[in-house]
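Below are the chains, spelled out letter by letter.
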Amino acid sequence: MKQLMMIGFGAMGREVASLLPAELALKWLLVSPARVDEVQAELGPSVRVLSDIDECDQAPDLVVECAGQGAVREHGAKVLARGWTLGLISVGALADDELMLSLRAAAQQGGGRILALAGAIAGVDGLAAAREGGLESVLYSGRKSPQSWRGSPAEALIDLDTVTEPTVFFRGTAREAALRFPANANVAATVALAGLGMDNTRVELTVDPASSTNKHSILAQGRFGELSIELSGQPLASNPKTSTLAALSVVRACRHCTDTVLI
Ligand SMILES: NC(=O)C1=CN([C@@H]2O[C@H](COP(=O)(O)OP(=O)(O)OC[C@H]3O[C@@H](n4cnc5c(N)ncnc54)[C@H](O)[C@@H]3O)[C@@H](O)[C@H]2O)C=CC1
Ligand SMILES: O=C([O-])CC(=O)C(=O)O
């Protein structure tokens, strides 16, 4: 039986834990210090609930982060310095150059690797292949309901209570989007990593009062031809900012940890 460490036990972490492949056991769960006792009581002795990587004295087969960009800052380098593989869902953290440098240094020193997970978007495989032949332009668009943008800086850019039609409230680079909207635009950074990079990937973010889904699109052009992806994702009931597919992409990484044929 292989062993998993998960960082974060919110909406996504709970969904992932409920869908793990039978051959992979959740052995360690990292939560904030104030929640350790409560989560340990909920999960029982089969899972060790921790608040610091240093408390783990064995080597997980895989670590998956489902906790937010702050958690990547807090725990990422320690995971990589131990030589472990870190499946990252808060990919937007990598738009912070200083953090990226420190994660690279830790990975080089310890032998760890970062797996940037596709998350709520599809088509990252095709985009990353297309890049090998040269890309000319990439546009990522994210469109969500007012409820999904609540509690984000969108509130300062548009009145989410009175908006009556789909409205673009942000245009900029993937780097700006991922850092300004850390709970809503990690996908912008994922598309950037697969394609033209953080500063050359254009991003549009839209609030759509008629939508109950999280819509993501990629438009890319290059020597390979053209790519157009449209994805309409159901949000998790427990967090409207987060698409169900993002949690499922973490489950996919878990499946890769145990399967022989990787797809
Ligand atoms: N790449 C993608 O497509 C997507 C990425 N995300 C990322 O996933 C993250 C998690 O999403 P949800 O579970 O829906 O959010 P959530 O807010 O429901 O849960 C996050 C959990 O992580 C915990 N946490 C925060 N900082 C921590 C730390 N330093 N150490 C340990 N635990 C910590 C919180 O207490 C909370 O329980 C988002 O913040 C976002 O960064 C979310 C949706 C899509
Ligand atoms: O789950 C989604 O729809 C996308 C998301 O929040 C993100 O990219 O951070």
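Residues numbered from 1 in each chain as written. Chains lettered and ligands numbered in written order. Predicted model: local features only at pLDDT ≥ 70, side-chain atom pairs only at ≥ 80, totals over all residues.

**Details of the site of ligand 2**
For step 1, the next point in the chain: By nearness alone, 13 residues border ligand 2, and Ala120, Asn186, Val187, Asn214 and Ser243 come closest of all.
For step 2, the next point in the chain: Going through the elements one at a time, helix H9 (186-194) and strand S13 (239-243) are the ones with two or more residues in the shell around ligand 2.
For step 3, the next point in the chain: Of all the elements, S13 adds the most residues to the shell around ligand 2, at three residues.
For step 4, the next point in the chain: Among the residues forming the shell around ligand 2, the class breakdown is five nonpolar, seven polar and one charged. (Near = placed C-beta within 6 Å. Helix = DSSP H or I, 4+ residues; strand = E, 2+ residues; numbered from the N terminus. Nonpolar A, V, L, I, M, F, W, Y, C, P; charged D, E, K, R; others polar.)

**Section: the site of ligand 1**
For step 1, the next point in the chain: Near ligand 1, the surroundings consist of 31 residues, among which Gly10, Met12, Gly68, Ser90 and Gly119 are the closest.
For step 2, the next point in the chain: Mapped by element, the contributors of at least two residues to the shell around ligand 1 are helix H1 (11-18), helix H3 (69-81), H9 and S13.
For step 3, the next point in the chain: The leading source of residues in the shell around ligand 1 is H3, at four residues.
For step 4, the next point in the chain: Residue composition of the shell around ligand 1, by class: 16 nonpolar, 14 polar and one charged.

**Comments concerning the packing of H3 against helix H4 (residues 97-110)**
The axes of two packed helices give the description: the angle between them and the distance between them.
For step 1, the next point in the chain: At their nearest, the axes of H3 and H4 sit 7 Å apart, and the two run at 20° to each other. Classified by the angle between their axes, H3 and H4 sit roughly parallel to one another. In this structure, H3 crosses over H4, and the sense of that crossing is right-handed. On H4, the residues touching Arg73, Gly76, Ala77, Leu80 and Ala81 of H3 are Leu99, Ser102, Leu103, Ala106, Ala107, Gln109 and Gly110.
For step 2, the next point in the chain: When the residues that make up the contact of H3 with H4 are grouped by side-chain class, the tally is seven nonpolar, four polar and one charged. (Axes fitted to C-alpha atoms, helices over the stretch in contact; angles between N-to-C directions. Parallel < 35°, antiparallel > 145°, perpendicular 65-115°, else oblique. Left-handed = near helix turned anticlockwise from the far one by under 90°. Contact = placed C-beta atoms within 7 Å.)

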